[in-house]
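Residue-level structure breakdown
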Amino acid sequence: MKKLFLILLSFLLLSPSYVQGQKKSEEIPSALHNAFADKFPQAKKINWEAEENGEYEVSFKMNGKRLTASFSQNAEWLETETTIKAPELPTAVSEAIATGFAGYKIEELEKVETSKGGFVYEAELEKDEQTIEVVFSSDGQVLSQEDDDEGEN
């Protein structure tokens, strides 16, 4: 019985639906590998994923943090997202959340460095059954806001 369970578990983990979107390192163009290695030479635990829009996303660990970087098909770096905790937010962003989104609970925070220069802060906020994603500039201005309609499966 135990062998049967292990076989079924192995089958589920290796099924195409489980690994959909993930790419083996050998399947990623060498130009992307090179661009990534140049930008993040100390990266560890690297996992590539091809996005539907043709971009590539790579998650990795560096300096004790989990990061995700996006690259174009032409191996151009687009952005890097770093998961952060509330105390790491600029004061202006913390105040903007407290005043503009009173009653919302912070579910996830990310500091996003963009290829256009500078940083923005993405906050996933939840209140009752509603989840929204808000992007703030470093000075606390709301740059965008949208309902998070992806939901949990």
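As shown above, the structure is provided for reference.
My aim in this report is to walk through the structure given alongside it, one point at a time.

Procedures and definitions
- Within each chain, residues carry numbers counting from 1 in the order of the written sequence.
- This being a predicted model, a pLDDT of at least 70 is required before a residue's local features are given, and a value of 80 or more before pairs of side-chain atoms are given or counted; all residues contribute to the totals for chains, interfaces and linings.
- The basis for the side-chain values is all heavy atoms of the structure; hydrogens and waters are excluded.
- Here a strand is any run of E in DSSP of at least two residues, a helix any run of H or I of at least four, and the numbering for each starts at the N terminus.
- We call two residues in contact when some of their heavy atoms are within 4.5 Å.
- At least two bridges found by DSSP between two strands is the condition for calling them paired.
- The set of buried Ala, Val, Leu, Ile, Met, Phe, Trp, Tyr and Cys residues whose side-chain atoms join them within 4.5 Å is what this entry labels a nonpolar core.
- Each residue gets one of three labels from its accessible area relative to the maximum for its type: buried under 20%, exposed over 50%, partly exposed in between, using a 1.4 Å probe on protein chains only.

Details of the environment of Pro90
- With respect to the helices and strands, the residue Pro90 is situated in the loop between β5 (77-84) and α4 (91-100).
- For the pair Pro90 and Ser138, spaced 48 residues apart in the sequence, the C-alpha separation amounts to 6.5 Å.
- Among residues more than four places away in sequence, those in contact with Pro90 are Tyr121 and Ser138.

Structural notes on the pairing of strand β7 (residues 119-127)
- Across eight bridges, strand β6 (residues 105-114) lies against β7 in antiparallel orientation. Pairing of Ile106 across the sheet is with Leu125, part of β7.
- What sits between the antiparallel neighbours β6 and β7 is a turn of four residues, in which Gly117 has the positive phi angle 100 degrees.
- In the sheet, β7 pairs with strand β8 (residues 130-137) via eight bridges, with the strands oriented antiparallel. When the bridges of β8 are listed, Glu126 appears paired with Thr131.
- Joining the antiparallel neighbours β7 and β8 is a turn of two residues, in which Asp128 adopts a positive phi near 55 degrees.

A few points about the nonpolar core
- Membership of the largest hydrophobic core comes to 16 residues, with the highest contact counts inside it found for Phe36, Phe40, Phe60 and Phe71.
- Counting residues per element, this core draws most heavily on strand β3 (residues 56-62), which supplies four residues.
- Core analysis: the next-biggest nonpolar cluster, separate from the first, contains 13 residues, Leu109, Tyr121, Leu125 and Ile132 among them.

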